[in-house]
Amino acid sequence: MSKVRILNEGIIKELLDIKNVIEVVKQVYTLKNSNQADLFPIITHIFEPGKADMDIKAGHLKGEANVFGLKLVSWFGENIKKGLPDVIGTIMVFDGRTGIPLGILSAEHITCMRTGSAGAIGSKYLARKDSENLLMVGAGHQAFFQIAAGLTVLNNIKKVTVYDPINYKFAVDFCNKVKLRLKNEILLRYKDDKIYSEKLAKKFGITFVATDDIEKSTGQADIIVTATPSRKPLIKREWVKKGTHFTCIGSDMEGKQEIDEN
Ligand SMILES: NC(=O)c1ccc[n+]([C@@H]2O[C@H](COP(=O)([O-])OP(=O)(O)OC[C@H]3O[C@@H](n4cnc5c(N)ncnc54)[C@H](O)[C@@H]3O)[C@@H](O)[C@H]2O)c1
């Protein structure tokens, strides 16, 4: 019987770097497109609306890797008051030839990096190449990774505007901290690669600004990324300029909605 590897959050943070994760996520999309990867139906459960829910996402990567597995992520909003994380998750990986468990992994950082990468890949291939203004709607966990991965793959972004639907101060606070986080959590990973790290530092050195005017910011945006648990549209169709690209990350379950359905 093989040994089961257990990777905690600390080890995963050491192992993953955004450039690599973006490449891996891209490869998995390609495998999915060529029927070498299957997704199983998602299971979602709401324990208490607006307070606690969870989902289980699972799949099978065929080919050489031949592994299957699942990720259970739960959100318990009240945890913050108890000094506990609100989003928490675990991944289990199994051998696709024998069913034998291969690993148990902490899922929080993997989810952030994977989802940031997925958003970035969408913008890279679907947004206009000359896109300069990115509007980030939501200023939580995902916002940072959407911005970090987005700036990694996009080449012409000059300004990121951040809007928090709940409290303008969250967006201000996010903008005050984002450059230091980009440096410490993303850039330092590439300190031994001078050319790449200088290129990335230039991309991260742009303007970050908080807004409380979502209508005006929508009208100026070339790319809009939404990462909120909203259940009603935050952006109206008539505010959007022609050719704007949308990446809607938050609306990942029935009942969630971030943009005008029209
Ligand atoms: N598509 C995916 O694969 C995927 C992956 C991870 C997270 N998500 C979803 O993305 C969303 C954001 O995740 P996160 O980890 O950044 O959450 P978070 O709690 O860290 O941040 C949420 C942001 O939305 C704002 N917000 C809170 N309640 C809101 C409401 N009712 N209406 C509008 N805005 C509200 C908050 O102020 C904050 O800016 C969640 O809904 C999460 O389930 C999706």
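Please refer to the structure placed before this passage.
Rules used throughout
- Residues numbered from 1 in each chain as written.
- Predicted model: local features only at pLDDT ≥ 70, side-chain atom pairs only at ≥ 80, totals over all residues.
- Heavy atoms only, no water.
- Near = heavy atom within 4 Å.
- Polar contact = N/O pair within 3.5 Å; in protein donor to acceptor, adjacent residues only side chain to side chain.
- Areas by Shrake-Rupley, 256 points an atom, 1.4 Å probe, with all protein chains shown as cover.
- Helix = DSSP H or I, 4+ residues; strand = E, 2+ residues; numbered from the N terminus.
- Patch = residues over 30% accessible without salt bridge, like charges linked within 9 Å, V, L, I, M, F, W, Y side chains within 5 Å.
- Salt bridge = Lys/Arg side-chain N within 4 Å of Asp/Glu carboxyl O.
- Buried < 20%, exposed > 50% of the residue type's maximum accessible area, 1.4 Å probe, protein only.
- Contact = heavy atoms within 4.5 Å.
- Expected span 1.5 Å × (residues − 1).
- Lys, Arg positive; Asp, Glu negative; His and termini not counted.
- Charge placed at Lys NZ, Arg CZ, Asp CG, Glu CD.
- Pairing = 2+ DSSP bridges.

Caption draft 1: Summary view of the site of the ligand. In the neighbourhood of the ligand, 21 residues make up the surrounding shell, with Ala139, His141, Gln142, Asp164 and Lys256 lying closest. The side chain of aspartate 164 places a nitrogen or oxygen atom 2.6 Å from an oxygen atom of the ligand. Here an oxygen atom of the ligand and a backbone polar atom of threonine 228 are 3.4 Å apart. Protein chains bury 76% of the 850 Å² of accessible surface belonging to the ligand in isolation. Among the elements that take part in the shell around the ligand, helix α3 (residues 108-126) stands out by supplying three residues, more than any other.

Caption draft 2: Geometry of a nonpolar patch on the surface. Where nonpolar side chains cluster on the molecular surface, the patch consists of Val4, Ile6, Met92 and Ile104 and spans about 330 Å² of accessible area. Among the structural elements, valine 4 can be located in the segment before β1 (5-7). By relative accessible area, which is 38% here, valine 4 ends up partly exposed.

Caption draft 3: Focus on the environment of isoleucine 224. Within the secondary structure, isoleucine 224 sits in strand β11 (residues 223-226). Isoleucine 224 sits in the buried class, given a relative accessible area of 0%. Taking the C-alpha atoms as reference points, isoleucine 224 and leucine 135, separated by 89 residues in sequence, lie 4.7 Å from one another. Dropping the residues within four chain positions of it, isoleucine 224 is found in contact with Leu135, Val137, Thr218, Ile235, Thr244, His245, Phe246 and Thr247.

Caption draft 4: How the structure looks around α3. With 19 residues, α3 ought to run about 27 Å at 1.5 Å a step, and its terminal C-alpha atoms sit 27 Å apart, in line with that. The buried count for α3 comes to 14 of 19 residues, which makes it a mostly enclosed element.

Caption draft 5: Fine view of a positive patch on the surface. A grouping of Lys19, Lys124, Lys129 and Lys199 is seen on the molecular surface, where their side chains present a positively charged patch. Of note, lysine 129 is situated in the loop between α3 and β8 (133-137). Assessed through its relative accessible area of 61%, lysine 129 is described here as exposed.

Caption draft 6: Broad picture of the pairing of strand β5 (residues 67-76). Pairing of strand β4 (residues 52-61) with β5 involves ten bridges; the strand directions are antiparallel. Its bridge partner lying in β5, alanine 58 is registered against leucine 70. Following β4, the chain reverses through five residues before pairing antiparallel with β5; glycine 63 in that reversal takes a positive phi of roughly 65°. When β5 meets strand β6 (residues 87-95), the two strands line up antiparallel, connected through nine bridges. Residue pairing in the sheet places valine 73 in a bridge with glycine 89 of β6.

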